[in-house]
Amino acid sequence: MATSNPVLRYVESRKNLTGCACGLAGVALTLTTGAAGSLWPVVVAGLYGAGALIAPPERPPAPAFPEPAEQVEALRADLDTLRGYLAEVELPPAAHGRLTELDTLIGALLEPGWVSDPEQVRVLARAVRQDVPEAVDAFVRSRWWTRVVPGAEPPERHLERQLTALHTEAAQIASALQDAEARRQQTHTRYLEDRGR
């Protein structure tokens, strides 16, 4: 139990507990053998000090970061927020179709029990929290300027290319998961066949 009071923290520390154990050993030794005589308090104090000195130092507890499953839960909520934002944005049909494909794929990957690798969670989090909103926002801003100053490259092309790149990245995660499940199935088949021999 961690506490902020320094006295209580020392009482619970390894140094104090080791020193107390050594001091008790000194008391037991003195009572059973009588070796220290009238200097027994000095011997007990010395053993306590020696025990406190040889005790390992306190280690701060390791930080408790959220597990990938907990991060996926938060990411699912962020995906719902992103879907609300995207429902308000007017997109061209081709980009809308590509975005729907990407949304379906990311939604499937974020279903419970699929993505557990921290790197895969990081890639999906970056797509949901940064890449897709940035791509759509840049499209909306660029589209306004294209209307004011015609003749530039249509922003729809960039949006479609960005969404295609994001879909490819998410598809690689899906492919890795599919391969892992196929290997798992093959391993189980071999196990069952070998067990039957």
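Everything that follows concerns the structure shown earlier in this document.
Please read these numbers as outputs of a predicted model, since none were measured by experiment.

A. View of the overall build of the protein. When its secondary structure is counted, the protein shows 7 helices and 0 strands. When the helices and strands of the protein are listed from N to C terminus, the series reads α-α-α-α-α-α-α. In terms of overall size, the protein is more extended than a compact globule, its C-alpha atoms giving a radius of gyration of 32 Å where 197 residues would be expected to give roughly 16 Å. Taking the principal axes of its C-alpha atoms as reference, the protein extends roughly 100 × 65 × 25 Å. In the protein, 77% of the contacts between residues at least 6 apart in sequence involve partners at least 24 apart. Put simply, the protein shows about 13500 Å² of open surface, and 61% of that area lies on carbon and sulfur atoms.

B. Up close: the state of the cysteines. Under the criterion given, the structure shown has 0 disulfides. No disulfide involves Cys-22; its nearest neighbouring cysteine sulfur is the one of Cys-20, lying 9.5 Å away. Its relative accessible area of 24% is what places Cys-22 among the partly exposed residues.

C. Molecular detail of helix H5 (residues 93–109). Between its first and last C-alpha atoms H5 spans 24 Å; for 17 residues at 1.5 Å apiece the expected length is 24 Å, and the two agree. Residues of H5 that are buried: Ala-95, Leu-99, Leu-102, Leu-105, Ile-106, Gly-107 and Leu-109.

D. View of the packing of helix H2 (residues 14–33) against helix H3 (residues 40–54). H3 packs onto H2 with a crossing angle of 150 degrees between their chain directions and a minimal axis gap of 7 Å. Taken together, the axes of H2 and H3 lie roughly antiparallel to each other. Handedness of the H2/H3 crossing: right-handed. On the side of H2, the interface is formed by Lys-15, Asn-16, Thr-18, Gly-19, Cys-20, Cys-22, Gly-23, Gly-26, Val-27 and Thr-30, while H3 contributes Trp-40, Val-44, Leu-47, Tyr-48, Gly-51, Ala-52 and Leu-53. When its residues are assigned to classes, the contact of H2 with H3 shows 9 nonpolar, 7 polar and 1 charged.

E. Spatial organisation of the packing of H5 against helix H7 (residues 155–195). At a minimum axis separation of 9 Å, H5 and H7 run at an interaxial angle of 25 degrees. Of the possible angle classes, the one that applies to H5 and H7 is roughly parallel. As H5 packs across H7, the resulting crossing turns out to be left-handed. Mapping the contact onto sequence places Ala-94, Ala-95, Arg-98, Leu-99, Glu-101, Leu-102, Leu-105, Ile-106 and Leu-109 in H5 and Leu-159, Glu-160, Leu-163, Thr-164, Leu-166, His-167, Ala-170, Ala-171, Ile-173, Ala-174 and Leu-177 in H7. When its residues are assigned to classes, the contact of H5 with H7 shows 15 nonpolar, 2 polar and 3 charged.

F. Quick look at the pattern of salt bridges. If you walk through the whole model with that rule in mind, you get 10 salt bridges. The shortest N-O distance in the salt bridge between Arg-129 and Asp-78 comes to 2.4 Å. Remark: Asp-78 occurs in helix H4 (residues 68–87) and Arg-129 occurs in helix H6 (residues 118–148); sequence separation between them is 51 residues. By relative accessible area, Arg-129 is classed as partly exposed at 45%.

Thresholds, definitions, all that
Residues numbered from 1 in each chain as written. Predicted model: local features only at pLDDT ≥ 70, side-chain atom pairs only at ≥ 80, totals over all residues. Heavy atoms only, no water. Helix = DSSP H or I, 4+ residues; strand = E, 2+ residues; numbered from the N terminus. Rg over C-alpha atoms; globule rule 2.2 N^0.38 Å. Contact = heavy atoms within 4.5 Å. Areas by Shrake-Rupley, 256 points an atom, 1.4 Å probe, with all protein chains shown as cover. Disulfide = S-S within 2.5 Å. Buried < 20%, exposed > 50% of the residue type's maximum accessible area, 1.4 Å probe, protein only. Expected span 1.5 Å × (residues − 1). Axes fitted to C-alpha atoms, helices over the stretch in contact; angles between N-to-C directions. Parallel < 35°, antiparallel > 145°, perpendicular 65-115°, else oblique. Left-handed = near helix turned anticlockwise from the far one by under 90°. Nonpolar A, V, L, I, M, F, W, Y, C, P; charged D, E, K, R; others polar. Salt bridge = Lys/Arg side-chain N within 4 Å of Asp/Glu carboxyl O.

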